[in-house]
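Descriptive structure summary
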Amino acid sequence: MWVRSTVAYRASFLMAVAVNFAVTGLDFAAIMIMFAHVDALGGFTVAEVAFLYGTTGMALGLADLLLGSMDKLGARLRDGTLDTLLVRPVPVFFQVAADRFALRRLGRVSQSLLVLGWALTQLETAAWSVVQVALVPVMVLSGTAIFGAVFACGAAFQFWAQDASEVQNSFTYGGNTLLQYPPTVFATELVKGVTFVVPLAFVNWLPALRVLGRDDPLGLPGWVDFASPAVAALCCAVAAAAWRRGLRGYRSTGS
């Protein structure tokens, strides 16, 4: 229903996608401005940083497209309109995710895809192995699942906090900004935090290091670079458990 209502006004829809494309592109413009003054950032070339930018941008863009509406759950909890979703023969999670589905978010996905495509043509690699080629789609899909799990956990937290969308955004959009830059420019404690506490490093940092032939700043075993699918599955399991517990504890507004 939301998709049909969106594309009914094609000019408005295309402008919304274009604006979303342009706004998200400002982040990459800032990166290009930096590289106009330096040859490398944390030891990474512009193509390698663009690779990081494209992979995390696509992962967040797809997760945002599918689950970005989860941050509206707080409003439904406060005004009691979540009750109307409970009586429908469709899982509440999917109803909340589809609420005001914003197809304009394709702008972020397409912009990140273009940057990623450009980066792949610019990377100075003698020959791509099968493992390197396979890791690129795997990290994008795994990153989408990890960001999606963060969206779901943030929504579940709102059952207790009533409004925690900004806390959620700090890990999703904030995490995306963090992952656009090489891990070597950040303090070791921060890198450890997004590896072992909130495992955002598995979105692109760790598998990207394998693709780019870079050393792991934490000195982790080599097999960790391939752990993104397992970490994504674990994050989704945690998010599902948190959602079920939050939904079972919902007591409506009493109005």
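This write-up is about the structure you can find in this document. For clarity, every value in this text was computed on a predicted model and none was experimentally measured. (Residues numbered from 1 in each chain as written. Predicted model: local features only at pLDDT ≥ 70, side-chain atom pairs only at ≥ 80, totals over all residues. Heavy atoms only, no water.)

Some points on the overall build of the protein
Within the protein, the secondary structure is distributed over twelve helices and zero strands. For the protein, the N- to C-terminal ordering of α and β elements is α-α-α-α-α-α-α-α-α-α-α-α. Compactness check: the protein gives a C-alpha radius of gyration of 19 Å against a globular reference of 18 Å for 255 residues, within 12% of the reference. Overall size of the protein, expressed as C-alpha extent along the three principal axes, is 65 × 45 × 35 Å. The buried share of the protein, taken over its 255 residues, is 46%. In the protein, 78% of the contacts between residues at least 6 apart in sequence involve partners at least 24 apart. (Helix = DSSP H or I, 4+ residues; strand = E, 2+ residues; numbered from the N terminus. Rg over C-alpha atoms; globule rule 2.2 N^0.38 Å. Buried < 20%, exposed > 50% of the residue type's maximum accessible area, 1.4 Å probe, protein only. Contact = heavy atoms within 4.5 Å.)

Here's the deal with the environment of F94
Position of F94 among the secondary structure elements: in helix α6 (residues 92–98). Counting along the chain gives 24 residues from F94 to M70, while the straight-line C-alpha distance between them is 9.6 Å.

Section: helix α7 (residues 106–122)
Compared with the 24 Å implied by 1.5 Å per residue over 17 residues, the 24 Å span of α7 between its first and last C-alpha is a close match. Looking at the buried side of α7, the elements it contacts are α2 (10–35), α3 (46–67) and α9 (165–179). (Expected span 1.5 Å × (residues − 1).)

What about the state of the cysteines?
On inspection of all chains with the given rule, the structure shows zero disulfides. Between C236, a cysteine without a disulfide, and C235, which holds the nearest cysteine sulfur, the sulfur-to-sulfur distance is 6.9 Å. Since its relative accessible area comes to 34%, C236 is described here as partly exposed. (Disulfide = S-S within 2.5 Å.)

Some thoughts on the pattern of salt bridges
Overall, the coordinates contain four salt bridges when judged by the stated rule. The partner of R214 in a salt bridge is E48, with the nearest N and O atoms 2.7 Å apart. You can see R214 sitting in the loop between α11 (205–212) and α12 (228–248) and its partner E48 sitting in helix α3, a full 166 residues away along the chain. Across the salt bridge formed by R210 and D225, the nearest N and O atoms sit 3.2 Å from each other. Of this pair, R210 sits in helix α11 while D225 is found in the loop between α11 and α12, placing the two residues 15 residues apart along the sequence. (Salt bridge = Lys/Arg side-chain N within 4 Å of Asp/Glu carboxyl O.)

Some thoughts on the packing of aromatic side chains
By the definition in use, this model includes eight aromatic pairs. Both rings, one in F28 and one in W118, keep their centres 6.5 Å apart while their planes meet at 70°; by these two values the pair is edge-to-face. Taken as a pair, F28 in helix α2 and W118 in helix α7 lie far apart in primary sequence, 90 residues in all. We classify F28 as buried; its relative accessible area is 14%. Their ring planes at 40° and their centres at 5.8 Å tell us that F186 and W205 sit as a pair that is tilted. One end of the pair, F186, is in the loop between α9 and α10 (188–197); the other, W205, is in helix α11, with 19 residues separating them in the sequence. (Phe/Tyr/Trp six-rings, centres within 6.5 Å; stacked < 30°, edge-to-face > 60°.)

Concerning a nonpolar patch on the surface
Taken together, the side chains of V19, V23 and L26 make up a nonpolar region of the molecular surface, amounting to roughly 290 Å² of accessible area. Considering the arrangement of structural elements, one finds L26 in helix α2. By relative accessible area, which is 56% here, L26 ends up exposed. (Patch = residues over 30% accessible without salt bridge, like charges linked within 9 Å, V, L, I, M, F, W, Y side chains within 5 Å. Areas by Shrake-Rupley, 256 points an atom, 1.4 Å probe, with all protein chains shown as cover.)

Some remarks on unusual backbone geometry
Across the chain, the bulk of peptide bonds are trans and the bulk of non-glycine residues have phi less than zero. Positive phi, close to 50°, is recorded for R100, a residue that is not glycine. By secondary structure assignment, the location of R100 is in the loop between α6 and α7.

So, the side chain of R108
Its location among the elements puts R108 in helix α7. Summary of buried charges: R108 has no salt-bridge partner, and the nearest side chain of opposite charge, D64, is 4.3 Å away. (Lys, Arg positive; Asp, Glu negative; His and termini not counted.)

Here's the deal with α12
The end-to-end C-alpha separation of α12 is 30 Å, in line with the 30 Å expected for 21 residues at 1.5 Å each. Residues of α12 that are buried: S228, V231, A232, C235, A239, W243 and G246. Considered in projection along α12, the buried side chains sweep an arc of 105° and stay on one side of the axis. Away from its buried face by more than 90 degrees, α12 exposes A230, L234, R245 and R248. (Arc of directions from axis to C-beta.)

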